Amino acid sequence: MSAGIHIEDSPVFIGPLSDSLSVWLRSKNFSAVFVLSDNNTNRYCFSYLPKSLEDYAPVHSFVIEPGESRKNLDTCAIIWSEMKNAGLDRKALVVNLGGGVIGDMGGFCAVTWKRGVEFIQIPTTLLAMTDAAIGGKTGVDFDGIKNAVGVIRQPAAVFTDPFFLKTLPDRELRSGMAEIFKHAAISGELSSGWINSLARFESSEPDWIEILTRSVSVKTDIVRKDPEEKGVRMLLNMGHTIGHAIESVFIDSSHPLTHGEAIAVGMICESYIAQLHKITVPDKDLLTDYLLKIFELPQLSGELTETLWHLMLQDKKNASGNVRITLPDAPRSMRVLNISRSDLERGLEYYNSLI
């Protein structure tokens, strides 16, 4: 059976697709289905979609190249052209089959095509299952700035099947763990049994249904309270101000970091910066220990500081010219902190001392 978690009108189903997607489709009346995937998810995941999808309506499948570097308006133009060629009207359904890039960009293309068609997310990575597919954030990168162009629009549904985790290489599986640890940190659950079982995943198979349900529940609860990110939802950005800048710096390098690796660095640095400002992040040291155990993280040259700071000045979470980070100071309680270039330098020095 599937576990169902609901965000307003946007249900999240966790469990086998055959237990959820087929039933959901039978209650709808879409004119056509447009499945967006990348080379990897088309190869390893497309065949796992229920046959009911093909029986339901005309299915148009479009495959793009994988990777964050493809998440831009040029690729959107190609997708929109395919939507036009497929004759998609406003009663069509867009199915995003993939990780965060497919979900973010496919969702953005759907909500902007003919002023909006419905879309569903079928996340195939742990990162997308726990974060990117949940909450309705859609968009693309622009001029080197992550997610600079986009809108918030809840998907019609999210279908999360742990089966897809078997298709992931180890590094991609670990990448998603950063967001799970973030959810545990902001909810005060870092020392709980379910998160400890994840930290021991190398020695035993985690109970993915339990882990996904608990992690997703943290995010859905926060999104329900603040769907437009005007308040407490900003707490979900823990680690992302520095992390997104680091991810952008490395994206075109010979050794790009995964999103989870970059966010892990960001959480370590930002938690330490909070400490410098006399803000205590609950279980900060435990969080840092977990992240250092799970990830193989690089040293970061001090020469990167200027580039990182320049990117952080463009961060969409800034206000009144201030670079901001958000952190928990108690379970599900948020602190917003304006930081300086000197704070960034000290945070990076602390991080490098641990590597």
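Please refer to the structure placed before this passage.
The following refers to the structure shown. (Residues numbered from 1 in each chain as written. Predicted model: local features only at pLDDT ≥ 70, side-chain atom pairs only at ≥ 80, totals over all residues. Heavy atoms only, no water.)

**Details of the pattern of salt bridges**
Here is step 1 of the chain: Applying the stated rule across the entire model yields 20 salt bridges.
Here is step 2 of the chain: With its nearest N and O atoms 2.8 Å apart, the salt bridge here joins E261 to R171. Here E261, found in helix 11 (residues 259–276), pairs with R171, found in helix 7 (residues 170–187); they are 90 residues apart in sequence, far enough to count as distant.
Here is step 3 of the chain: For E261, a relative accessible area of 6% translates into the label buried.
Here is step 4 of the chain: The shortest N-O distance in the salt bridge between D221 and R224 comes to 3.6 Å. (Salt bridge = Lys/Arg side-chain N within 4 Å of Asp/Glu carboxyl O. Helix = DSSP H or I, 4+ residues; strand = E, 2+ residues; numbered from the N terminus. Buried < 20%, exposed > 50% of the residue type's maximum accessible area, 1.4 Å probe, protein only.)

**A word on helix 4 (residues 73–85)**
Here is step 1 of the chain: Taking 1.5 Å as the rise per residue, helix 4 with 13 residues should run 18 Å; its terminal C-alpha atoms sit 18 Å apart, in good agreement.
Here is step 2 of the chain: Of the residues making up helix 4, those classed as buried are T75, C76, I79 and M83. One side of helix 4 carries all its buried residues, which in axial view fall inside an arc of 100°. Facing away from the buried side of helix 4, by more than 90 degrees, are the exposed residues D74, K84 and N85.
Here is step 3 of the chain: Of the surrounding elements, those touching the buried residues of helix 4 are strand 3 (33–38), strand 4 (59–64), strand 5 (93–98), helix 5 (100–112) and strand 7 (137–142).
Here is step 4 of the chain: N-capping of helix 4 is provided by N72, with a side-chain oxygen placed 3.1 Å from the backbone N of D74. (Expected span 1.5 Å × (residues − 1). Arc of directions from axis to C-beta. Contact = heavy atoms within 4.5 Å. Polar contact = N/O pair within 3.5 Å; in protein donor to acceptor, adjacent residues only side chain to side chain.)

**Some details on the packing of helix 7 against helix 9 (residues 208–225)**
Here is step 1 of the chain: In the contact formed by helix 7 and helix 9, the axes pass within 10 Å of each other and the chain directions differ by 55°. Looking at the two axes, helix 7 sits oblique to helix 9. Relative to helix 9, the crossing made by helix 7 is left-handed. Across the interface between the two elements, L173, M177, I180, H183, I186 and S187 of helix 7 pack against W208, I211, S215, V218, K219 and I222 of helix 9.
Here is step 2 of the chain: Of the residues contributing to the contact of helix 7 with helix 9, the split by class is 8 nonpolar, 3 polar and 1 charged. (Axes fitted to C-alpha atoms, helices over the stretch in contact; angles between N-to-C directions. Parallel < 35°, antiparallel > 145°, perpendicular 65-115°, else oblique. Left-handed = near helix turned anticlockwise from the far one by under 90°. Nonpolar A, V, L, I, M, F, W, Y, C, P; charged D, E, K, R; others polar.)

**A short note on helix 9**
An α-helical segment advances 3.6 residues per turn. Residues three or four places apart therefore align on the same side.
Here is step 1 of the chain: The terminal C-alpha atoms of helix 9, which comprises 18 residues, lie 26 Å apart, in line with the 26 Å expected from a rise of 1.5 Å per residue.
Here is step 2 of the chain: Buried residues of helix 9: W208, I211, L212, S215, V216, V218, K219, T220, I222 and V223, and no others.

**Comments concerning unusual backbone geometry**
Here is step 1 of the chain: Of note, E229 is a non-glycine position whose phi angle comes to about 55°, a positive value.
Here is step 2 of the chain: With respect to the secondary-structure elements, E229 resides in the loop between helix 9 and helix 10 (240–250).
Here is step 3 of the chain: One non-glycine residue, K278, lies in the positive phi region at around 65°.
Here is step 4 of the chain: Note on placement: K278 falls in the loop between helix 11 and helix 12 (284–294).

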